[in-house]
Number of protein chains: 4
Amino acid sequence: MPRLYDSVAQQSAGDVDGLDDDHFHDECGVFGVFGHSDAAALAALGLHALQHRGQDAAGIVTYDGSHFHSERHSGLVGDNFSKPHVIARLPGNNAIGHNRYPTAGGSGLQNIQPLFAEFAGGGFAVAHNGNITNARSLTRQLRERGSIFQSTSDTETLLHLVATSAKKPFIDRFIDALRQIEGAYAIVGLTEKKLVGARDPQGVRPLVLGDLDGAYVLTSETCALDIIGARFVRNIEPGEIVVITEKGIESLKPFGENPARFCVFEYVYFARPDSIVSNKNVYDVRKQIGAELARESPVEADIVVPVPDSGTPAAIGFAQAAGIPFDLGIIRNHYVGRTFIQPTDAIRHMGVRLKHNANREVLEGKRIILVDDSIVRGTTSLKIVEMVREAGAAEVHMRIASPPTTDSCFYGVDTPEKSKLIAARMSLEELARYIKVDSLAFLSIDGLYRAAGEDARRNDRPQFCDACFTGDYPTRLTDHQENRTDSQLSLLAVV
Amino acid sequence: MPRLYDSVAQQSAGDVDGLDDDHFHDECGVFGVFGHSDAAALAALGLHALQHRGQDAAGIVTYDGSHFHSERHSGLVGDNFSKPHVIARLPGNNAIGHNRYPTAGGSGLQNIQPLFAEFAGGGFAVAHNGNITNARSLTRQLRERGSIFQSTSDTETLLHLVATSAKKPFIDRFIDALRQIEGAYAIVGLTEKKLVGARDPQGVRPLVLGDLDGAYVLTSETCALDIIGARFVRNIEPGEIVVITEKGIESLKPFGENPARFCVFEYVYFARPDSIVSNKNVYDVRKQIGAELARESPVEADIVVPVPDSGTPAAIGFAQAAGIPFDLGIIRNHYVGRTFIQPTDAIRHMGVRLKHNANREVLEGKRIILVDDSIVRGTTSLKIVEMVREAGAAEVHMRIASPPTTDSCFYGVDTPEKSKLIAARMSLEELARYIKVDSLAFLSIDGLYRAAGEDARRNDRPQFCDACFTGDYPTRLTDHQENRTDSQLSLLAVV
Amino acid sequence: MPRLYDSVAQQSAGDVDGLDDDHFHDECGVFGVFGHSDAAALAALGLHALQHRGQDAAGIVTYDGSHFHSERHSGLVGDNFSKPHVIARLPGNNAIGHNRYPTAGGSGLQNIQPLFAEFAGGGFAVAHNGNITNARSLTRQLRERGSIFQSTSDTETLLHLVATSAKKPFIDRFIDALRQIEGAYAIVGLTEKKLVGARDPQGVRPLVLGDLDGAYVLTSETCALDIIGARFVRNIEPGEIVVITEKGIESLKPFGENPARFCVFEYVYFARPDSIVSNKNVYDVRKQIGAELARESPVEADIVVPVPDSGTPAAIGFAQAAGIPFDLGIIRNHYVGRTFIQPTDAIRHMGVRLKHNANREVLEGKRIILVDDSIVRGTTSLKIVEMVREAGAAEVHMRIASPPTTDSCFYGVDTPEKSKLIAARMSLEELARYIKVDSLAFLSIDGLYRAAGEDARRNDRPQFCDACFTGDYPTRLTDHQENRTDSQLSLLAVV
Amino acid sequence: MPRLYDSVAQQSAGDVDGLDDDHFHDECGVFGVFGHSDAAALAALGLHALQHRGQDAAGIVTYDGSHFHSERHSGLVGDNFSKPHVIARLPGNNAIGHNRYPTAGGSGLQNIQPLFAEFAGGGFAVAHNGNITNARSLTRQLRERGSIFQSTSDTETLLHLVATSAKKPFIDRFIDALRQIEGAYAIVGLTEKKLVGARDPQGVRPLVLGDLDGAYVLTSETCALDIIGARFVRNIEPGEIVVITEKGIESLKPFGENPARFCVFEYVYFARPDSIVSNKNVYDVRKQIGAELARESPVEADIVVPVPDSGTPAAIGFAQAAGIPFDLGIIRNHYVGRTFIQPTDAIRHMGVRLKHNANREVLEGKRIILVDDSIVRGTTSLKIVEMVREAGAAEVHMRIASPPTTDSCFYGVDTPEKSKLIAARMSLEELARYIKVDSLAFLSIDGLYRAAGEDARRNDRPQFCDACFTGDYPTRLTDHQENRTDSQLSLLAVV
């Protein structure tokens, strides 16, 4: 099927991270506020606090009682939404906003959320964290009945489902649309009268409710409430739809009650340490992870060194549990931009040093416990260990604050395909040899569940989505099973 | 109905001409080529030759056998489509292109044509010169059945009509869509297999067929054939649809035979003097207009002076017919950009001098016949006459190369509303007094028809569309009669 | 000698005209105003009127009583100096400005004039039209005494000469500097107290004085007075320095009285037709040139056709003198930007059509007298004639409104070196054959002098600088005789 | 004295950090490499590693054997020097580079270093970390002899001193220039044959020598050697000039031997923790500082919490010495760009949360020891303490890892004037009350000297420059004593 390459749409393509950043990446953060005179400014602050969930692009849509207003830009929130004249172009008391992570395909300007559509019954803006796993199949059906798609975003599929629904009041059309989609999502939407929030039936992606002087706030993590001084009220529940109007908040559960399966990787890496997601403080869970790891896989050593910054809380937890000093043996350079040169072969292997440098005085002659959050492709671990050894470490013991990542994620997370996941290809021993450590240990899956407050994984009905560690997916994967890997890109269109 | 203000979409807003350019303005030029290895470069050259039909933005879409490619930019063709790397991003042997005139509303990037849609049956790009006079009414119906609009362009209405047509082969869907629209149009469209061209049943807007070494070319005026060295084959006829494929060209007349009513204003001002439109050379018609004017409204004078450049051919015709010397008494500055300051009250009245300066040596003490193509609001004429008088002219006799413009155009031409047209508000004597001339004469409607090769206007079935002079519109004006003047803007949307 | 390539400085490089525009080009226009509250806006308007003298870049410096303010931009005046906020950044009642023509070397941002220096005695801004023919030699001496150059502009040489002068009051330092330079110049300069104007001893480059409600204006041509409504007072005389302060205007003649040798090519091509330069109206001289040409080289023909726009006044003069109809057989497209593609060999020969198109209806079967202002390299003439013949002309008689250009100009005009000048390489017959005309005639040098109001050229002491036609240079050419052609570029530096 | 405001020069103005970042800021990092085929790429990597020393702008100059090449850009190294085509514009085996911190005045493009001048004897590029404390006085003298300044950078003063020196070989001119300047500096310079490095006689600013496969490297800190894999050879000594040519390295000591007075604040805050400066590892000194602080000012508490990131090493040292757990009670958001909105009064007090958020789960109910590196204006401390208290801390004990900063720095560090330094205005008790802590302690000056490896401060001849803590300046402050505070800005000029 043909595909349109459009220069307007492609402006931000190529901005993908050139660094060997060996992590899973969350694709989005969402924010909505209803009934506050600073709505756009609050959305900008909230999106800034959620910047770790997506750095590629950001957008805000407001409604001022008669018109919708939209600003969508490639780049960081702070670089694009910090000027008074930008905020001034976003009048109104109701706003939703979105951060996007740079995915390989689909990084056109027309894909920056919130998306907006003018229905016969009025305007609707929507922002989405997650992934609709039957989006391609639904898009094909919609196109056959005459719908024209303008983006490659699965979020547009949702818009067309609402537009073509046979139901009548808006909220019934919205539920009708959600009924047709599979996958994981946390959605905020804005109409002329309502702010709506929705979480998928398993509650894979996070969404919390806050209160700021009587104004309602919906957002991915509590750190976005903290930055605006809002009070955390509660999680939106799995499968719950909240409808916020001038009259207050209404909660709907059109899909019945479902057992929750919150994404456990939010605790491992995605969420900010100071956030509460699914009712637990992330820093706390990570320190517990470190402590579990120290108990499961102890080793005699001189110092515990984190791979900063993601390994730091678990390293602190490990050090305290093991009674071994915590020390900054690796220093991180936070000024790394989006890309950087590695212009010649001779200096290409220095890549890792753009972000990290070994602190020789700390490491020399020492037995090191190196703590990182996860190993995805293994490339960075290899270089970090090499750098630590070149700085004179006597022994290097790697401790990973999660189980081996053996499976891809289809729920709005940017992961390599399974064949690129090193833990899916190597045994523990092979992997230890490959990255050249004296010992290597991952956290057990039960250890992870314990750190997250459970006694152990209930294998018949797991308490979390842990598919990336277990291959046990909580929803159907229609598009993936159809195996039409390039088709989603073919939607790339423009008007 | 609400309306979305989108920063991405609005980037080119505000680029409207700040000058007091007192003319009607054509809104578009179109170009298509099928079967030439330089398709995109030819389209760029053709659009450059048609630049007078629209300077706000331009776009080209090509098809390379497997993908469509699109480049759309605000600004001049020469500034945006002249670099090899831009042309290199437009591979393929088939191309269509479009120039846009800056209209007050709807100047978003998403409105730059050609527009593109991915139908269930494949991609379709379309570019359009003209105006669909029932677009708002059709859009309302389409939206009620679930179509989502992304632009404020009436061209998108056509796309949705094709997308939702119940017919089957593409060309039947296209005809089905055209059947539903009223108004004036010259359309070029590109699918994976075909270049299509279509002209409205009255043939109001121009479209010609050319041949370049066996490749087919469709475009608004023959000057776009000349620039690429293509041969002029024939006019596309009113109501004709041509379908060009690898097998050749096919002509369809789904609306039967209709009496042509070509826009007579193309001869007065829109078309380039070196073009042939509707089978007549424009320069020739304009010189005839000048000659008719000299016969209808002679006056004793020393020199004939054009208001450059649009008054020049008629002034030459007038001078030759009257036997009075032709002289450049007003010099035009062609470097005027899109806007210019008039920063203080004290110097605001100099505005007209940004474009025109009186040549005192030529004018001083002389009796001047000043020839201009038309008077719309009258503001420029007033200032030009004042400037000519200040330069010492003894007498100023204004001769206008068209009848009084008393009515708005709804066929893709940017005209003020009727109440702003000075000839609709003032008698000839009042107008002469207002612009302070010693005498004033317009061409008669029959004089205009004679200059264009007819004996006279057939009032029962006029040979041209002359609605701007007569109020006699050749089609229904559904949207206008509904009188919902702001609603078209409310479509402004974005994905 | 080494040379610095600087990315900041080179930003506008590559903007050179990609078109085969076969003309000499003037390098600059200057403007100064003293004592008007709209100084910057007037300068912007004046520079806009002088845009034909240089389209590459423009700059304005104002003084507000305590600070100097500078705005310098690549591109057209109308595109950069038309916004209120730009004018607002240029407060003050005194201003000078400059337009620059794009020369092959030296197009860095740091070369955009006016240049500014802070002397021990105060600030000085200066703008210059012309060329210092011993700039390289002076620069070498200045550098040896420790001066650091930041641009490749010969104007900076003047600044250093003033800075290092041993004299005391500013005006004596300025005269001391001028005494050391050879060449042709029209200079406007601004200090905290004064607007100064200076013209080289031969008066090669033009400079006129105007009056706007008591404010003084200095500028290259009277068209810049017209646009602001200023009254033309008089020419600045050859070798004259005028010093304008709050007390009025003072005239100095430090170099004694010299016979004037105004650049005759200003009449042929550089100046705007509506300007008065050296006391003659340019359009009038050009019509006289046409008339002289008709008398010197008559030919039987059907129509006189100008190569627009520069050939138009002479063609009108020719037509009126010869009694042959004037007609627009070639139409010019004014939307040509700075460059344009000629992306493939197959369509490269269409280059000339980007600017000009033959009007077949006018030319077909006719005997044509084609009037152009000059022939430099001959490339455009060749293509124009070919185009006119392809359009069906029966005969083509070329008449050139100047003598053959056989020598380069060193006085601030962009000319090819002598070996590229076709009239320096070919006889009249060879040239006629080369460009394929039925007959070819240039104006005689005496004919040119007659058109400019003289009886004939006084060969012992010519009334004009006509070096490009005669090789008779009115000043020494120190740098040229040293023949260090690349050295000027080596100045390109940056701080 | 007048001053030029130039739009070209001022492009980066206004980019100053809008955040309340209450620190002293170093103004520069320098880097030079001689004899490596990847010179520009190495310089880019080195400058990236030194990004903490200046984020406003960066520049690189290379020499390729016949020409100098320069790239200078506002913004981060990674954003401007990471693209292969930029590095390709910087050919040659020798390079110098510079990072600049955004200072209030003088942020024009023309001030981005390295600066370059073409002397009679050849080109010279120079980059400088530090400040010439008699620059204004020297500039006045230079201007009186005819030098024209183009920037407000004191580095240009050095260029003019070299240009006007009466000495002959380049290196003698360079020494002659240095002899005339007072202040603190670490300079790298590049001629056609040489890379030179120079450190002021007291060695206030750092400069180290490295070796990369035989190529010489000069740079501010060893972290810039680590990133390119270069070996640390030695410090450049106070008052030493090194001259690197193809024949090797030569060391000159034209100012004799001087007691070193390295800037002790480099250990407190400026340098990167993984660097060695003045022969000590920065992280190590900072941990020692924490330990000294724990000994000097112990307090009973539950956890030690750093104000990240600058307080972290001292907090780790404090925690280990005191035996109190270290915990991340404040989380830092590293995505903060250059500025951010605080668009309304109601949310303005959230400013500090753009960078820092309290981690309530960690702090609630705890007695906190908060460790920060310094207090400058006190504004941030006030907000941090308030935030920590709002998060539920039972007690807050602030410990500062340096003595009170009571005096401004004049050696290339951006500090507020003395009257803005809160420690110069308040007693310890007043300050503790002002920032609302339960207790407050600064490190003693002797404690700081101990942490840096000395027994104590030798008050007659201090081992470090500690003027910001003691007011004891190691050089004359000619410009400051002249007290012409605005005059340096008046140099802002342009060509």
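Please read all numbers here as calculations on a predicted model, not as lab measurements.

Q: Residues and numbers for the overall build of chain A, please.
A: Scanning chain A for helices and strands turns up 18 helices and 26 strands. Looking at chain A residue by residue over its 495 residues, the buried ones come to 67%. Within chain A, counting contacts between residues at least 6 apart in sequence, those at least 24 apart form 70% of the total. For chain A, the accessible surface area stands at approximately 15800 Å², while carbon and sulfur atoms represent 47% of it.

Q: An account of helix α6 (residues 170–180) of chain B is needed here, citing residue identities and associated values.
A: Counting buried residues in α6(B) gives eight out of eleven residues, a clear majority hidden from the surface. Restricting attention to buried positions, one finds in α6(B) the residues Phe170(B), Ile171(B), Arg173(B), Phe174(B), Ile175(B), Asp176(B), Ala177(B) and Leu178(B).

Q: Go over the pairing of strand β19 (residues 303–306) of chain D, please, and point to the residues and values.
A: All names here are of chain D. Side chains Ile303 and Val305 of β19 all project onto a buried face; the interleaved residues Val304 and Pro306 project onto the opposite face, where all are buried too. Note that β19 and strand β22 (residues 367–372) share four bridges and pair parallel. Of the residues in β22, the one forming a bridge with Val304 is Ile369.

Q: Account for the relation of the copies chain C and chain B, naming residues and giving values.
A: Of the transformation superimposing chain C on chain B, the axial component is 0.0 Å and the angular component is 180°, with the fit at an RMSD of 0.0 Å. The transformation just described matches what one would write down for a two-fold rotation axis. Every residue of chain C has its C-alpha some distance from the rotation axis, and the shortest such distance is that of His334(C), at 3.5 Å. Of the interface residues in chain C, 100% have counterparts in chain B that sit at the interface too, so the contact is made through matching surfaces.

Q: Break down unusual backbone geometry for me, with residues and values.
A: Apart from glycine, the bulk of residues carry a negative phi angle, and the bulk of peptide bonds sit in the trans form. The residue after Pro308(A), namely Asp309(A), is reached through a cis peptide bond having omega -5°. You can see Asp309(A) is positioned in the loop between β19 (303–306) and α10 (312–322). Of note in the backbone geometry, Asp213(B) takes a positive phi value of approximately 50° without being a glycine. Take Asp213(B): it is sitting in the loop between β11 (208–212) and β12 (215–219). With relative accessibility at 71%, the residue Asp213(B) sits in the exposed group. A positive phi angle, near 50°, is found at Ser278(B), a position not held by glycine. Within the fold, Ser278(B) resides in the loop between β17 (276–277) and β18 (280–281).

Q: Talk me through the UniProt feature "active site" (unreviewed entry) in chain A; I want residue IDs and the actual numbers.
A: All names here are of chain A. Mapped onto this numbering, the UniProt entry annotates "active site" (unreviewed entry) at Cys28. Along the chain, the position of Cys28 falls in strand β3 (residues 28–34). On the basis of relative accessible area, Cys28 is assigned to the buried category, the value being 7%. For Cys28, the residues in contact, after removing those within four places along its chain, are Arg53, His98, Asn99, His128 and Asn129.

Q: Please provide a residue-by-residue account of the sheet that holds strand β15 (residues 248–252) of chain D, values included.
A: Residues and elements named next belong to chain D. The strand order β7-β8-β9-β10-β14-β15 describes an open sheet built from six strands, whose pairing is antiparallel. This sheet does not close on itself; its edge strands, each paired only once, are β7 (115–119) and β15. Sheet twist, expressed as the average angle between the axes of neighbouring strands with direction ignored, equals 20°.

Q: Just give me the short version of the domain arrangement of chain A, but keep the residues and values in it.
A: All names here are of chain A. Here the domain parsing of chain A yields domain 1 (4–261) and domain 2 (283–470). Distance between the C-alpha centres of domain 1 and domain 2: 32 Å. With 27 residues of domain 1 at the interface, the matching set in domain 2 holds 35 residues. When domain 1 packs against domain 2, close to 2300 Å² is buried across both sides, 49% of that on carbon and sulfur atoms.

Q: Residue-level account of helix α15 (residues 428–435) of chain B, with values.
A: Residues and elements named next belong to chain B. Listed in full, the buried residues belonging to α15 are Leu431, Ala432 and Ile435. Buried residues of α15, seen end-on, are gathered within an arc of 100° and therefore sit on one face of the element. On its buried side, α15 packs onto α13 (379–390), β23 (395–400), α14 (422–425) and β25 (439–442). Among the residues trailing α15, Lys436 stands out with phi positive, at a value near 65°.

Q: Before we move on, could you go through the confidence of the model for chain A and cite the residues and values that matter?
A: Residues and elements named next belong to chain A. Overall, the prediction assigns chain A a mean pLDDT of 90, with 89% of residues at 70 or greater. Long-range and interchain partners of residues 9–20, a stretch whose pLDDT sits below 50, account for 26 contacts in this model, where long-range means more than four residues apart. Residue range residues 484–495 is modelled with pLDDT below 50. Its contacts to residues more than four positions away, or to other chains, number 43 contacts. Interface confidence in the predicted complex, given as ipTM, is 0.92; pTM for the same model is 0.91.

Q: Break down the packing of aromatic side chains for me, citing the residues and quoting the values.
A: Residues and elements named next belong to chain A. In total, this model carries 62 aromatic pairs over all chains according to the counting rule given. Centroid distance Phe262 to Tyr267: 5.7 Å. Interplanar angle 70°. Geometry classified as edge-to-face. Taking the relative accessible area as the measure of exposure, Phe262 reaches 2% and is therefore buried. An aromatic cluster is present here, built from Phe24, Phe265, Tyr269, Phe270 and Phe469 joined pairwise through their rings.

Q: Any details on the packing of helix α9 (residues 282–296) of chain C against helix α10 (residues 312–322) of chain C? Residues and values, ideally.
A: Residue and element names in this part refer to chain C. Running from N to C, α9 and α10 cross one another at 45°; their axes reach a closest spacing of 7 Å. Relative to α10, the element α9 lies oblique. Every pair of crossing elements has a handedness; the one defined by α9 and α10 is right-handed. Residues Tyr283, Arg286, Lys287, Gly290, Ala291, Leu293 and Ala294 of α9 form the contact with α10, whose participating residues are Pro313, Ala314, Ile316, Gly317, Phe318, Gln320, Ala321 and Ala322. Classifying every residue of the contact of α9 with α10 by side-chain character gives ten nonpolar, three polar and two charged.

Q: Please provide a residue-by-residue account of the sheet that holds strand β9 (residues 183–190) of chain A, values included.
A: Residue and element names in this part refer to chain A. With antiparallel pairing, the six strands of this open sheet are ordered in space as β7-β8-β9-β10-β14-β15. One side of each edge strand has no neighbouring strand; the edge strands of this open sheet are β7 (115–119) and β15 (248–252). Strand-to-strand twist of the sheet, defined as the mean angle between neighbouring strand axes without regard to direction, takes the value 20°. Sheet topology places strand β14 (residues 241–245) next to β15; five bridges connect them, and they run antiparallel. Across the sheet, residue Thr245 finds its bridge partner in β15, namely Gly248.

Q: Tell me about the interface of chain C and chain B, residues and numbers included.
A: How large an interface is tends to be reported as the accessible area lost when its parts come together. At the interface, 61 residues of chain C touch 61 residues of chain B. At the boundary of chain C with chain B, total buried surface from both sides reaches about 4800 Å², with 63% on carbon and sulfur atoms. If you look at where chain C meets chain B, you find two salt bridges. The shortest N-O distance in the salt bridge between Asp327(C) and Lys287(B) comes to 2.9 Å.

Q: Got a sec to walk through the pairing of strand β14 (residues 241–245) of chain B? Specific residues and values, please.
A: Residues and elements named next belong to chain B. Burial analysis of β14 places four of its five residues in the buried class, the great majority of the element. With four bridges connecting them, strand β10 (residues 195–199) and β14 associate as antiparallel partners. Paired with Ala198 across the strands is Ile241, a residue of β14. With antiparallel pairing between neighbouring strands as the criterion, β14 and strand β15 (residues 248–252) make up a hairpin whose turn holds two residues.

Q: Would you mind going over the packing of helix α5 (residues 154–164) of chain C against helix α6 (residues 170–180) of chain C in detail, with residue names and values included?
A: Between two packed helices, the angle of one axis relative to the other and the distance separating the axes together describe the packing. Residue and element names in this part refer to chain C. The geometry of α5 relative to α6 is characterised by a closest axis approach of 8 Å and an angle of 130° between their N-to-C directions. Taken together, the axes of α5 and α6 are oblique relative to one another. As for the relative orientation of α5 and α6, their crossing is right-handed in sense. For the pair α5 and α6, the contacting residues are Leu158, Leu161, Val162, Ala163 and Thr164 in the first and Phe170, Arg173, Phe174, Ala177, Leu178 and Gln180 in the second. Class assignment of the residues belonging to the contact of α5 with α6 gives a composition of eight nonpolar, two polar and one charged.

Cut-off values and rules
- Residues numbered from 1 in each chain as written.
- Chains lettered and ligands numbered in written order.
- Predicted model: local features only at pLDDT ≥ 70, side-chain atom pairs only at ≥ 80, totals over all residues.
- Heavy atoms only, no water.
- Helix = DSSP H or I, 4+ residues; strand = E, 2+ residues; numbered from the N terminus.
- Buried < 20%, exposed > 50% of the residue type's maximum accessible area, 1.4 Å probe, protein only.
- Contact = heavy atoms within 4.5 Å.
- Areas by Shrake-Rupley, 256 points an atom, 1.4 Å probe, with all protein chains shown as cover.
- Pairing = 2+ DSSP bridges.
- Least-squares fit on C-alpha atoms with pLDDT ≥ 70 in both.
- UniProt positions renumbered as here; feature names shortened; annotations may be inferred.
- Axes fitted to C-alpha atoms, helices over the stretch in contact; angles between N-to-C directions.
- Domains from an automatic or database assignment.
- Buried area = accessible area lost by both parts, 1.4 Å probe.
- Arc of directions from axis to C-beta.
- pLDDT = per-residue confidence, 0-100.
- Phe/Tyr/Trp six-rings, centres within 6.5 Å; stacked < 30°, edge-to-face > 60°.
- Parallel < 35°, antiparallel > 145°, perpendicular 65-115°, else oblique.
- Left-handed = near helix turned anticlockwise from the far one by under 90°.
- Nonpolar A, V, L, I, M, F, W, Y, C, P; charged D, E, K, R; others polar.
- Salt bridge = Lys/Arg side-chain N within 4 Å of Asp/Glu carboxyl O.

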